[in-house]
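Breakdown of the fold
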Amino acid sequence: MSSTIVPLITLNPGEEGEIAYIHGGWGIIRRLAELGIYPGAIVRMENKSWGPVVISASGVRIAIGRGMARRIFVKPLRSR
Amino acid sequence: MTKEEIVVALAGNPNVGKSTLFNLLTGLRQYTANWPGKTVERKEGITEHLGYKIRVVDLPGTYSLTAYSLEEVLARRFIVEERPDVVIHIANATTLEKDLYLTIQLLELTDKVVLALNMIDVVEKKGIEIDEVRLSRKLGIPVVKISALKKIGIKELLNKVIMLAEGKIKTKPLRISYGPEIEEIISKLTSILGKYDLTGYTPRWVAIKLLEGDQEVLDIIRKLPEGEEILKSIMPARLPIQCPLIKKGVATKGLTCAMCNIQENIPICVQIATKRRILIKNLVRLCVKGLKTESISDVIDKYVLHKVLGPIILINIFASAFLLVFTAGDMLSDYASSYVDLLINIIDPYLSKNLPYIVYDLIVNGIFSAFSAVISFIPLIFMFFLVYSLMEDSGYLARAAVIMDRFMHALGLHGKAFLSIVMAFGCNVPGIMATRALESRRDRLIAILINPLVPCGARLGVMAFIISLFFSDLEATIIMLSLIALSLGLVAGIGLLLNRLFGGEKGRELIIELPEYRLPSIRNVLLLTWPRVRDFLKRAGTLIMLGSIIIWALYTFPAKNIEVSFGGQLGKLLEPLGRLMGLDWRAITSLIFGILAKEQVLAAMSIIYGPDLNSVLRNSWSPLQALTFLVVFMIYEPCIATIAVTKRETNSWLWTLFSLTYTIVLALLTGIIVFNIGKLFL
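Computed from a predicted structure; not experimentally measured.

This part covers the sheet that holds strand E6 (residues 72–76) of chain A. Taken together, 7 strands build an open sheet; the order of strands is E1(A)-E6(A)-E2(A)-E3(A)-E4(A)-E5(A)-E12(B) and the sheet is antiparallel. Strand pairing shows two members of the sheet lacking a second neighbour, strand E1 (6–7) of chain A together with strand E12 (511–514) of chain B, which therefore form its edges. Relative to strand E4 (residues 53–57) of chain A, strand E3 (residues 42–47) of chain A runs antiparallel, the two being bridged by 4 bridges. Considered in E4(A), the bridge of A:Asn47 is made with A:Val54. Across the sheet, helix H16 (residues 396–410) of chain B lies against strand E5 (60–64) of chain A together with E12 of chain B, angled at about 140 degrees from E12(B), the strand it touches most.

Take a look at the structure:
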């Protein structure tokens, strides 16, 4: 099992990862935590076809900007 | 016999069915107001159960209770200041893990919480089992499974509420332990803070929020006599503690935290949020069983958010929404206003016989015409809120925001502002109302301020008429399209400018929850729509009436002759300004009357220029003058109803005045520029 950490944006639709680190300001990190995206959460890439990417975490679908998806780092859970 | 009253606050995240529950409980016995001095809607209603009169207060929808937005501060201030007997936290059972975050925070604030797990029917259909007894034991509060839409479990919920209010149920709320390192800091702070009056908050709560960097709490502390010392004393505590993820080898070294720039550390506020999250994750693991399969929403989203199909679907949905509001709305409006006209015609002879002329004139031309205008708005606003609720409740509006985000972002606007721009092409009143979809006050204010620049149907009609007088078909089409392009250019320009002025946070990005698609309940939509229409009538109606009377007075005094009336005098006074763009006092006076309603400009012009407007205008204006007139006409504030709605939605006279002033200045400047550049070529 590889333990490399990659930006969330590199996951393909259907792939999952465990969030390792979020690079961002207080407000953003807290807001993400409120929505269920926090270090340790399992996220799944749902859709990245157009503009913001859609991910799901803690049973919730959330659209986030691509820039932010580059600053969330995950440990991929499935072999790619 | 007077019934005993219980006050119940309804708290919940957006998209959990909170308003459905609120409507189910209160029905038509509800009223809306604003939270004192704020733009946020405050809804209250009455219901009865087991001999109690229950006053239900719908708290603004929030994700947490950290002072991230105004809604969150309002929600928690209500809980500590007005001390409701019970707080119902309504959570969406399908997204329990997300929603429990608010439960945990509510429990830090008050003991009297009942957790209502909504949409339990959907959860069970999915084959997911929630062990509410276990969840209740773990959280230490009553937990009730309900479905507000299917009316399941409501009686039981109210039973629990009353038992809790009577003290027959004792709660034992779950207390989170944030781990030895953070707890030590919290207990130190608590002992210092215990000496002070913390405006109703408990010392432990204030200590935790302080560590989270909560703005309102920071302000409270600063006001304490020892405030600055306390802040200094926690500064070392605010410094990050060793990052557990790096300790465990999960995160790689070398990543730098953006806030503190200290490697290998994460700040304490993030640790607090993470602690809560981990606790919730374990709770869910214990109490929720079942497989998560791909939901229907995921399948629909494959098409709705598709690169090619997505925008096509979007255009179709928005076009249908637009047509529905403005064709059906207009039809009903015409119907309504013809009734009012009929009524006026019936009482007109009676009034003219029995009243002095000036009073008769005020009533017929001032009050009645305003009344007719307000009435004709009702169907339009009703249809708009109907469509708006359908889009919002079905879950589509959030998807539209995702698709439009890139485009709208370029204008300095949020993706959700797209609806307000589209609606504004029909009428700016629903356009401005559609900014309610925006959660942040800043984004909303920008969207409200630029909205008048989008040319509404009434303006486009007048423009098309005047253009047709001066230009041939092809020229007319080109000019019409250029004028629309100009106004959209101004929308973009002013949008970006305001975004910069309001401190455009760099790298501000969309974070938006995509709720499950749902079939909206008609009852719910109607119940949401009626109070909003009523509110428009009450607040905006008064202002429209007042404005109409002022405009009436302007052209009635000192004599009912356009040349000597105050309005005409004002036009003459402003003639030097008009000359800069080639317009005489008559054109300026017409524009002044346009403030009432843009479509009234033609009526005003036929009074000012005399009958047979077409040939008079053709003879007195050059094509360039006509063009300049149209530019000015198009840009400044559309009508008194727009002003009234701006006041209602910003809840600020200052911003209303700003909106009025800047559109007028912008209109005049653009007019001057167009005229002077045009002179060089024509």
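Of the residues lining the interface, 42 residues belong to chain B; the matching set on chain A comes to 38 residues. Where the side of chain B that touches chain A is concerned, the elements lending two or more residues are helix H3 (96–109), helix H12 (268–287), helix H13 (296–304), H16 and E12 of chain B. Class assignment for the residues of the side of chain B that touches chain A results in 22 nonpolar, 10 polar and 10 charged. When E5(A) meets E12(B), the two strands line up antiparallel, connected through 4 bridges. Across the sheet, residue A:Arg61 finds its bridge partner in E12(B), namely B:Leu514.

It is worth spelling out the domain arrangement of chain B at this point. Residues and elements named next belong to chain B. Structurally, chain B comprises domain 1 (4–166), domain 2 (180–241 + 270–289) and domain 3 (542–681). When each unit is reduced to the centre of its C-alpha atoms, the spacing between domain 1 and domain 2 is 25 Å. On the domain 2 side, the residues contacting the 19 residues of domain 1 number 18 residues. Looking at the side of domain 1 that touches domain 2, the elements with two or more residues in it are helix H2 (70–81), H3, strand E7 (129–130) and helix H5 (132–139). Here the side of domain 1 that touches domain 2 takes 7 residues from H3, the largest share from any one element. Residue composition of the side of domain 1 that touches domain 2, grouped by class: 11 nonpolar, 1 polar and 7 charged.

All right, on to the pairing of E3(A) then. In this structure, strand E2 (residues 16–22) of chain A lies alongside E3(A), joined through 3 bridges in antiparallel fashion. Looking at the pairing, A:Gly17 lines up with A:Val43 of E3(A).

All right, on to helix H26 (residues 600–608) of chain B then. All names here are of chain B. Along H26, the residues that are buried comprise Gln 600, Val 601, Ala 604, Met 605 and Ile 608. The arc enclosing the buried residues of H26, seen along the axis, measures out at 140 degrees, which places them on a common side. Where H26 is buried, its residues contact helix H20 (457–470), helix H25 (585–593), helix H27 (613–620) and helix H28 (623–635).

Take the confidence of the model for chain B next. All names here are of chain B. Counting all residues, the mean pLDDT for chain B is 85, and 92% of those residues have values of 70 or more. Of all helices and strands in chain B, the one with the weakest mean pLDDT is helix H11 (residues 244–247) (42), whereas strand E8 (residues 143–145) scores best (97). Within the model, the stretch residues 239–264 combines pLDDT values under 50 with 49 contacts to residues more than four positions away or in other chains.

The next subject is unusual backbone geometry. Residue and element names in this part refer to chain B. Cis geometry is adopted by the peptide bond preceding Pro 558, which originates at Phe 557 and carries an omega value of -10 degrees. The backbone of Leu 50 shows a phi angle near 45 degrees, a positive value even though the residue is not glycine. Residue position: Leu 50 is located in the loop between strand E3 (41–49) and strand E4 (52–58). Look at Leu 50 and you get exposed, because 12 C-beta atoms sit within 10 Å. Although it is not a glycine, Met 119 adopts a positive phi angle of roughly 60 degrees. With respect to the helices, strands and loops of the structure, Met 119 is situated in the loop between strand E6 (113–118) and helix H4 (120–125). Take Met 119: there are 26 C-beta atoms within 10 Å of it, and that puts it in the buried class.

Conventions adopted
Residues numbered from 1 in each chain as written. Chains lettered and ligands numbered in written order. Predicted model: local features only at pLDDT ≥ 70, side-chain atom pairs only at ≥ 80, totals over all residues. Pairing = 2+ DSSP bridges. Helix = DSSP H or I, 4+ residues; strand = E, 2+ residues; numbered from the N terminus. Contact = placed C-beta atoms within 7 Å. Axes fitted to C-alpha atoms, helices over the stretch in contact; angles between N-to-C directions. Nonpolar A, V, L, I, M, F, W, Y, C, P; charged D, E, K, R; others polar. Domains from an automatic or database assignment. Buried ≥ 20, exposed ≤ 12 C-beta atoms within 10 Å, placed from the backbone. Arc of directions from axis to C-beta. pLDDT = per-residue confidence, 0-100.

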